[in-house]
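Architecture at a glance
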Amino acid sequence: EQNPENITVEQRGRVGLITLNRPKALNALNRDLMEEVIAAARAFDTDPAVGAIVITGSEKAFAAGADIKEMQSRSFSDVYGGDLFSDWDRITKIRKPIIAAVAGYALGGGCELAMMCDLIIAADSAKFGQPEINLGVIPGMGGTQRLTRAVGKSKAMDLVLTGRMMDAEEAERSGLVARIVPAAELVDAAVAVAETIGAKSLPVVMMAKEAVNVALETTLSEGVRFERRTFFSTFATEDQKEGMSAFVEKRDPEFKHR
Ligand code: CAA
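In the annotation of an unreviewed UniProt entry, the protein chain is listed under the name Probable enoyl-CoA hydratase echA8 and assigned to Naumannella cuiyingiana. Recorded in UniProt under Sequence similarities (unreviewed entry), the annotation for the protein chain is "Belongs to the enoyl-CoA hydratase/isomerase family." Per UniProt, the protein chain has the following entry under Function (unreviewed entry): "Could possibly oxidize fatty acids using specific components."

Strand order in this open sheet of 4 strands is β4-β6-β8-β9, and the pairing throughout is mixed. A single partner strand is all that each edge strand has here, and the edge strands are β4 (61-63) and β9 (165-167). Recorded for the sheet is a direction-independent mean angle of 20 degrees between the axes of neighbouring strands.

Glancing now at the site of the ligand. Of all residues adjacent to the ligand, which total 24 residues, the nearest are K60, G109, E112, E132 and G140. One of the side-chain N or O atoms of K69 is found 3.1 Å from an oxygen atom in the ligand. Between the ligand and G109, the relevant distance is 2.8 Å, taken from an oxygen atom to a main-chain nitrogen or oxygen of the residue. Of all the secondary structure elements, the ones that give two or more residues to the shell around the ligand are α2 (68-71), β6 (105-107) and α4 (109-116). Counting residues per element, the shell around the ligand draws most heavily on α2, at 3 residues. Taken together, the residues that form the shell around the ligand break down as 14 nonpolar, 4 polar and 6 charged.

Cut-offs used in this document
- Residues numbered from 1 in each chain as written.
- Predicted model: local features only at pLDDT ≥ 70, side-chain atom pairs only at ≥ 80, totals over all residues.
- Heavy atoms only, no water.
- UniProt positions renumbered as here; feature names shortened; annotations may be inferred.
- Pairing = 2+ DSSP bridges.
- Helix = DSSP H or I, 4+ residues; strand = E, 2+ residues; numbered from the N terminus.
- Axes fitted to C-alpha atoms, helices over the stretch in contact; angles between N-to-C directions.
- Near = heavy atom within 4 Å.
- Polar contact = N/O pair within 3.5 Å; in protein donor to acceptor, adjacent residues only side chain to side chain.
- Nonpolar A, V, L, I, M, F, W, Y, C, P; charged D, E, K, R; others polar.

The following block contains the structure:
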């Protein structure tokens, strides 16, 4: 693995932390940055010492979108032939939970990357938007789909058609954001949530993530069936025995992640 140039990667306890670090372009998501984020996320996903992942940016910007300068002069046959942005789908194949910790701008592809994560924790300074319409394009990393599922049709249309930004309060009220924290505490707060998750049984956490995601892809009856089968599978883990024994014995569980 080469040393990444557009991100920093560190481990805090059982939490893998990926920080977008391309300040001269407000963390605009160019090809190199994308490849580095995906490689880092995959490395954490296969590392048994990591239970959850946090992706964050800077105080000023989570990410201000796809790199406009990189896209500006490309042709239809170029973006179509190269299936531009499709590689980002690999983030959604990560099986461990990913928290997006968003301060400042999360615009266009930045908002879309945050929405590919499992939950968003926002600083009070966060601003979300899909401003692609102002550039003569539409969202291309899932924004029309994930934003609509997150906030409903009317607000998604408002944001996608006008290109306006919404602040953290509006984003939380609308269901896009799980929690708002003071900007100065953002990364610590997100890492603390990831630590809480990382202390649970990893295979069971992965099953829980998979089951919630099925809700967005299937019918209610199929989804409930998937959940029930997956719930039954948790009884094949040692951690189910440990979790239930600990409750009965009035002590804290010590999950072994198996
Ligand atoms: N791509 C490339 N460079 C970007 C960028 C982007 N998305 N966003 C910001 N930058 C660059 C600016 O060009 C500027 O570079 P220079 O100093 O070399 O001029 C630097 O970052 C700082 O930006 P600003 O001077 O504009 O900072 P500001 O504080 O005045 O404004 C902002 C901040 C409102 C976020 C503004 O930068 C902005 O509107 N950015 C573009 C947002 C946008 O349109 N995003 C959608 C991109 S398209 C997309 O994402 C498609 C998709 O669906 C995947």
